[in-house]
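# Structure at a glance
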Amino acid sequence: MNASTMTGRLPLADSLERLGLAELIESLPSGRRTPSQCRFGLLGCASPPLKRLLRLFVLGGVVPLAELPAEVVDGLGPLCDAGFCSMTGDSASLAGLTLTRVEGLWYLSEMPSAGQTLYFGPDSLALINRLGVPRGPVLDLCSGPGIIGLVAAQRRASVTAVEINPMAVSLSMLNARLNGLDDDYEPRLGDLYAPILPGERFDLVAANPPLVPVPDGLAYGFVGNGGPDGMDVTWRILSGLAGVLSPTGVAQTLGVTLASKGEVLGLPRLREIAGEHGLHVQMTIAGRVSTNPEGAWCRGMAWTILATEGRGAGATAHAALAEELSVGYRAAGADEVVFYYLRVGLHTPGVAVASLARSSPDESAGGWYLATMNTD
C-alpha cells in the first residue's frame, strides 16, 4: 500500500479517531459491535460529546448539527454527496446506516433489520478471520458494502469486488474512500463472474454469498436466501472458479446447508462439481443445529420471515411458521443444518470433509465458531 493510499482517506475518518469514537467502539470485542451492543455497552460510560457521535454514526439517530464538532459537520459532505447521509434543517442522520470498526477500518453498513440489503453480519467476520495475506490479486464475490475486499486491500492486495446490488456497490466505494483504499479497490456491478474480463486471474477468490437454506414457498431476504439447500449461489461460484483462479490460487467461502445425522446432503453434488472442474475442496464443519420446530434455528428463522413479510409476529403465528420450516427441512431429508467453510484449490481434484462439531446437534453452537471443543 503506497503512501498516497494511506493519506487519501476522507477527513471524517481522522476526525472520528481524534475525537475518540474509534477507541470507544474498539473497547468492545469485534463480534459485539452491533448497534444494540453499543447502546448497552457504551452509552452509559461515554461522555456527552461521544454519546452524540454514537447516536449519529452507530445507533442510527438524528443529531442537531449544532451539537456536533464543526470538523464532523464538514466531513459529512462526501457521505451526503454519495446519498448516504441526510442533512435536513438543522439536523443530520446517516439514512439507516451504522458505522463500526473492523480490523482498524471504518465500515458503513445498514442498520440490522429483517430486510436489510447493505449487509454486514457474523458470517462476514467469520470469513475475515479465515483470510490469509493475499499473494496477488483478489476477487471478492457477493461483496456487499465491501468489508472482505477492503480488509484484503488493507493487507496490500489489489482487489476486484463484484456485487449485483448497485446501492451496495456505491456504499463499498464510499467505504474504500473513507479508509483511503480506493486506489487498491475496484468495485464492479454484475452477477458473479459476468464482470470479469477474459484472461483475468486471481490468487484469492473470497465469497460471502446468500447462504441461508430456505424451504420452497417461504419468503426470505434476498441478501440471505441461499435456496432450499443454502447453496444455490455457492454451486455457481464453484462451477466458475477454474476460469478465474490462478494455478496456485485459493478460494474461500462459507455457508449453512442441510444435513442428516451429520452427513451433508449436498456432498455428492460437491464431489461431482469438484471432479468436473478440477477442484480440490476442503469442507470444514464448525457447528450443527437441529431443525426441530422448538429449536433455535427454526425459531430464529420464523421471526426473520415474519418480519420480512410484515406478518403478525404473535406466538401462534411464530410457532406455526417454525413448524412449517421444520416440515420443509424434513421433506428435503434434513434433520440438521450445518455451518461450514470451504477452501478450494486447483490441485488433486476431490473433496475432503473435516467435522469439528459435536457428535450431536448443539443449540448453543457458535455457528462458524466452535462453542466448545469436542470431548466425546
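Here the structure is shown first, and the text comes after it.
All figures in this text were calculated on a predicted structure; none of them were measured in a lab. Counting restarts for each chain, with residues numbered from 1 along the sequence as it is written. Restriction of local features to residues with pLDDT of at least 70 applies here, the model being predicted, together with a cutoff of 80 or more for giving and counting side-chain atom pairs; totals for whole chains, interfaces and linings are based on all residues. Working from all heavy atoms in the structure, the side-chain values ignore hydrogens and water.

### What about the nonpolar core?
Put simply, the rule reads: Buried Ala, Val, Leu, Ile, Met, Phe, Trp, Tyr and Cys residues form a nonpolar core when they are joined through side-chain atoms within 4.5 Å. For the exposure calls, accessible area comes from a 1.4 Å probe over protein chains only, and a residue counts as buried if that area is under 20% of its type's maximum, exposed if over 50%, partly exposed in between. Only heavy atoms enter the contact rule, under which two residues are in contact if any of them lie within 4.5 Å.
Counting residues in each nonpolar core, the largest one holds 49 residues, and the members touching the most others are Ile147, Trp297, Met301, Leu325 and Trp368. Ignoring anything within four residues of it in the chain, the contact list for leucine 325 reads Pro215, Leu218, Cys298, Met301, Ala302 and Ile305. Grouped together as the second largest cluster of nonpolar side chains are 38 residues, Leu53, Leu76, Leu99 and Ala168 included.

### Description of unusual backbone geometry
If a residue is not glycine, its phi is most likely negative; likewise, a peptide bond is most likely trans. Test applied: Secondary structure elements follow DSSP: runs of H or I no shorter than four residues count as helices, runs of E no shorter than two count as strands, and numbering proceeds from the N terminus.
The backbone phi angle of glutamate 103 is positive, close to 55°, even though this residue is not glycine. On the basis of relative accessibility, which here comes to 39%, the residue glutamate 103 falls in the partly exposed class. Its identity as a non-glycine residue notwithstanding, threonine 348 has a phi of 45°, on the positive side. Positionally, threonine 348 belongs in the loop between strand E13 (336-345) and strand E14 (350-355). A relative accessible area of 59% places threonine 348 in the exposed class.

### What to know about the pattern of salt bridges
Our working rule: Salt bridges are identified by distance alone: a Lys or Arg side-chain nitrogen within 4 Å of an Asp or Glu carboxyl oxygen.
Tallying each qualifying case throughout the model produces 12 salt bridges. Between glutamate 26 and arginine 101 there is a salt bridge, with its nearest N and O atoms 2.9 Å apart. With glutamate 26 in the loop between helix H3 (21-25) and helix H4 (35-42) and arginine 101 in strand E4 (residues 97-102), the pair connects residues that are 75 residues apart, well separated along the chain. Note on glutamate 26: relative accessible area 32%, which makes it partly exposed. With a closest N to O distance of 3.0 Å, glutamate 103 and arginine 155 form a salt bridge. Within this pair, whereas glutamate 103 is found in the loop between E4 and strand E5 (105-110), its partner arginine 155 is found in the loop between helix H9 (147-154) and strand E7 (159-163), the two being separated by 52 residues in sequence.

### Remarks on the packing of aromatic side chains
Applied cut-off: Under the pairing criterion, centres of Phe, Tyr and Trp rings, with the six-membered ring standing for Trp, must be within 6.5 Å; the plane angle then separates stacked pairs below 30 degrees from edge-to-face pairs above 60, leaving the rest tilted.
Throughout the structure, instances matching the rule amount to 3 aromatic pairs. Note on tyrosine 107 and phenylalanine 120: the rings are 5.2 Å apart at their centroids and 70° apart in plane angle, and the pair reads as edge-to-face. Taken together, the residues tyrosine 107 in strand E5 and phenylalanine 120 in the loop between E5 and helix H8 (122-130) connect sequence positions 13 residues apart. Just as tyrosine 107 is buried, phenylalanine 120 falls in that class too. Look at phenylalanine 339 and tryptophan 368: their rings are 5.1 Å apart centre to centre, the planes differ by 90°, and that puts the pair in the edge-to-face class. Linking phenylalanine 339 in strand E13 with tryptophan 368 in the segment after E14, this pair joins segments that are 29 residues apart in sequence.

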